[in-house]
Each structure stands twice: as C-alpha cells, then as structure tokens.
Amino acid sequence: MRACTAADVELLAALEPAGKNYARSTFRRQEHGECVLLVAWLGTTPVGSGELEWSAVPELKNLRVAERWRGRRIGTALIGAAEQQSAAAEAMEIGVGQDNPAARRLYERLGYAPTGRSETFSYHYIDNQGVRQAATEAVDYLRKRLGSASPLI
Ligand SMILES: CC(C)(COP(=O)(O)OP(=O)(O)OC[C@H]1O[C@@H](n2cnc3c(N)ncnc32)[C@H](O)[C@@H]1OP(=O)(O)O)[C@@H](O)C(=O)NCCC(=O)NCCS
C-alpha cells in the first residue's frame, strides 16, 4: 500500500482502457499537491486504488479494488492508509453512491457516519471497453473523526 510514484504511473496507465487517462491525470494532481493516489499492490500487480483529495476535510474518492480481489480486506486497507495520511486532519470523508449500499455498509462498519450532505453529479467516464459513457450519480457524504486511524493490514 503506497502513494503512487513516477515509476508506478506508466504501469497503471498501461492497464487502463485506451483514453481513460486516470492514473496520469491523478498523478499530475498529486505532484501539484492536490491529492494522493494510494495504490494497493500484490507483488508487482496493482489490485486497488483510492484518491485522497486534500481539502479542509480530506476526502477519499474513486476507491476501487479489482473485481477478482474484492472481499479480501484490500479496500479496508486502502481506507486505513488514507486515514493515516489524513492523521493531521480532524476527520476524513467518503462519498458513496445512493445505489451502492454494500460499499456504504463497509464504510459504516469502519466508523463513517452520514453528514447529511448529498450531491448529484453528472459526468462522463471511459468504461472497461474504452467507450465513453455518461452517468448521473447521487452521492451521500459520510465522515469519520480521526485520531484512531484503522491499522494497515
Ligand atoms: C467497495 C470496495 C472498494 C471494497 O473493497 P474490498 O477490498 O472488496 O473490501 P473489503 O474486503 O475490505 O471489505 C469487504 C466489504 O466490502 C463490501 N463490498 C462492497 N462491494 C463489494 C464487492 N463488490 N465485493 C465484495 N465486497 C464488497 C462488503 O460489504 C464487504 O463487507 P462484508 O465483509 O461484510 O461482506 C470494492 O468492493 C469495489 O471496488 N467495489 C466496486 C467499486 C465501488 O463500489 N467503489 C466504492 C465507491 S464509493
């Protein structure tokens, strides 16, 4: 579990569908001090990532574990790593889609509670087949007070 390095970024980009450009653009934002791209590795294979956005209350975005590795506590470890990175802040937030109750249960189990704030986003993304898609997502924000960050596994 580590912050993306210059040496990692080309490998991550090579695994993305053509045109997605997520790893490179997020790494550029990391270099500008806007976020940290946390990546979970099993040996030399990247198996998950999350983007910790530096705002007044740091926010973990785009948490994702590769499908075949889900349910093995990699997501929990990424959240723990983000909490350690955010240790100087009072709290950390995670936004979760209203259509994603399984992820929400995980966050609540780790101590995240609803802030009462919700937002609806419309955006475009490149799917796994490299096709540009439009989506609208209603997101609820959950927050955890820090000071007792979950340990890394
Ligand atoms: C949500 C996600 C990051 C969790 O990572 P993970 O490594 O599977 O999570 P962990 O192993 O640490 O924890 C497992 C818990 O995650 C939850 N979960 C959510 N989606 C899951 C999935 N597709 N497969 C397995 N567990 C999932 C379950 O509630 C599970 O809890 P349980 O152990 O009580 O059954 C991962 O499942 C994922 O990438 N999902 C698709 C993308 C997504 O929904 N991202 C969240 C955006 S807010």
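Residues numbered from 1 in each chain as written. Predicted model: local features only at pLDDT ≥ 70, side-chain atom pairs only at ≥ 80, totals over all residues. Heavy atoms only, no water.

### Structural notes on the environment of Val36
Within the secondary structure, Val36 sits in strand β2 (residues 35-42). For the pair formed by Val36 and Leu52, sequence separation is 16 residues and the distance between their alpha carbons is 5.1 Å. In contact with Val36, not counting residues within four places along its chain, are Ala3, Gln30, Gly50, Glu51, Leu52, Trp54 and Gln85. (Helix = DSSP H or I, 4+ residues; strand = E, 2+ residues; numbered from the N terminus. Contact = heavy atoms within 4.5 Å.)

### Describing the UniProt feature "domain: N-acetyltransferase" (unreviewed entry) in the protein chain
Feature annotation in UniProt places "domain: N-acetyltransferase" (unreviewed entry) on residues 1-143, given in this structure's numbering. When the span residues 1-143 is considered, its composition is 28% helix and 41% strand, and the gap between its end C-alpha atoms is 22 Å. (UniProt positions renumbered as here; feature names shortened; annotations may be inferred.)

### A look at the pairing of β2
Consecutive side chains of a regular strand alternate in pointing toward one face of the sheet and then the other. Counted residue by residue, β2 has seven buried out of eight residues, so it is predominantly covered. Taken together, the two bridges between strand β1 (residues 2-3) and β2 define a ladder with antiparallel strand orientation. Across the sheet, Ala3 pairs through a bridge with Leu38, a residue of β2. (Buried < 20%, exposed > 50% of the residue type's maximum accessible area, 1.4 Å probe, protein only. Pairing = 2+ DSSP bridges.)

### Things to note about the nonpolar core
Counting residues in hydrophobic clusters, the biggest one holds 23 residues, and the most contacted among them are Leu60, Ile74, Ile79, Met92, Ile94, Tyr107 and Tyr112. Secondary-structure elements contributing two or more residues to this core are β2, β3 (45-53), β4 (59-65), α3 (74-85), β5 (91-97) and α4 (101-109). Counting eight residues, the second-largest nonpolar core is a separate cluster that includes Leu12, Ala23, Val39 and Trp41. (Core = buried A, V, L, I, M, F, W, Y, C linked by side-chain atoms within 4.5 Å.)

### Points about the packing of aromatic side chains
Overall, the coordinates contain one aromatic pair when judged by the stated rule. Both rings, one in Tyr123 and one in Tyr125, keep their centres 6.1 Å apart while their planes meet at 50 degrees; by these two values the pair is tilted. When the ring centre of Tyr141 is taken as origin, the NZ or CZ atom of Arg117, which lies over that ring, is 3.9 Å away. (Phe/Tyr/Trp six-rings, centres within 6.5 Å; stacked < 30°, edge-to-face > 60°. Lys NZ or Arg CZ within 6 Å of the ring centre and 35° of its normal.)

### A few points about the site of the ligand
The immediate surroundings of the ligand are formed by 17 residues, with Arg73, Gly75, Thr76, Asn100 and Arg109 found nearest. Residue Arg70 places a side-chain N or O atom 3.3 Å away from an oxygen atom belonging to the ligand. Arg73 places a main-chain nitrogen or oxygen 2.6 Å from an oxygen atom of the ligand. When residues of the shell around the ligand are traced back to their parent elements, those giving at least two are β4, α3 and α4. If you tally residues by element for the shell around the ligand, the top one is α4, at five residues. Partitioned by chemical class, the residues of the shell around the ligand number seven nonpolar, five polar and five charged. (Near = heavy atom within 4 Å. Polar contact = N/O pair within 3.5 Å; in protein donor to acceptor, adjacent residues only side chain to side chain. Nonpolar A, V, L, I, M, F, W, Y, C, P; charged D, E, K, R; others polar.)

### Some words on the pairing of β5
Counting buried positions along β5 gives six out of seven residues, so the element sits mostly inside the fold. Pairing of β4 with β5, which is carried by two bridges, proceeds in the parallel orientation. Paired with Leu60 across the bridge in β5 is Ile94. Once the chain exits β4 it traverses α3 before rejoining the sheet at β5, and the crossover so formed is right-handed. Across seven bridges, β5 lies against strand β7 (residues 132-145) in antiparallel orientation. (Right-handed = clockwise from strand over helix to strand, strands pointing away.)

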